[in-house]
Amino acid sequence: MAPVPGRVLPHQPLDQLVVLIADGNRAALSQFYDRTAPRVLALVRGSLADDRHCESIAEAVFLEVWRNAGRYDPRAGEPLAWVLTLAREEVTARLSDSERNNGSPTR
């Protein structure tokens, strides 16, 4: 049976999901999110005190995944490492913005 367009077969490897996301497959993004969001949120929560900011950062990270999946280079590392790097970069940017605006970090 052929897969339905936009649907992802269960247990796709993360690197295959990234390829599908680059092709605009929303179901692939959903599966990628389901499998990586707990790690992304754990990383973010370990860096920031405010859960509202954590959710906002996670949303920004997965929007970045959606927009830039085609730029993912598997030679540079695993998809989980890529998405966690995006999360660390977003946390760093938010902390820098917070320090510039408030004179102190969010944490």
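The structure presented is a predicted model; accordingly, all values stated were derived computationally and were not measured.

Help me out: how do you make sense of the overall build of the chain in this one?
Within the chain, the secondary structure is distributed over four helices and zero strands. Its helices and strands taken in sequence order, the chain reads α-α-α-α from the N to the C terminus. For the chain, the proportion of its 107 residues judged to be buried stands at 35%. Per element, the accessible surface of the chain, about 6,900 Å² overall, is 50% carbon and sulfur.

Which parts of the structure should I look at to understand the pattern of salt bridges?
Close approach of charged atoms lets side chains of opposite charge pair. Here the structure, examined in full by the defined rule, presents three salt bridges. Between E55 and R45 there is a salt bridge, with the nearest N and O atoms lying 3.1 Å from each other. Placement of the pair is E55 in helix α3 (residues 51-68) and R45 in helix α2 (residues 26-45), with a sequence separation of ten residues. Exposure remark for E55: the relative accessible area of 41% places this residue in the partly exposed category. In this structure, R94 engages E90 in a salt bridge whose closest nitrogen and oxygen atoms are separated by 2.9 Å. Remark: E90 and R94 occur in helix α4 (residues 79-102); sequence separation between them is four residues, near one turn of the helix. Using a relative accessible area of 24% as the deciding quantity, one classes R94 as partly exposed. The class of E90 is partly exposed, set by a relative accessible area of 23%.

What counts and how
Residues numbered from 1 in each chain as written. Predicted model: local features only at pLDDT ≥ 70, side-chain atom pairs only at ≥ 80, totals over all residues. Heavy atoms only, no water. Helix = DSSP H or I, 4+ residues; strand = E, 2+ residues; numbered from the N terminus. Buried < 20%, exposed > 50% of the residue type's maximum accessible area, 1.4 Å probe, protein only. Areas by Shrake-Rupley, 256 points an atom, 1.4 Å probe, with all protein chains shown as cover. Salt bridge = Lys/Arg side-chain N within 4 Å of Asp/Glu carboxyl O.

Note that every value here comes from positions in space, so none of it alone points to a role or purpose.
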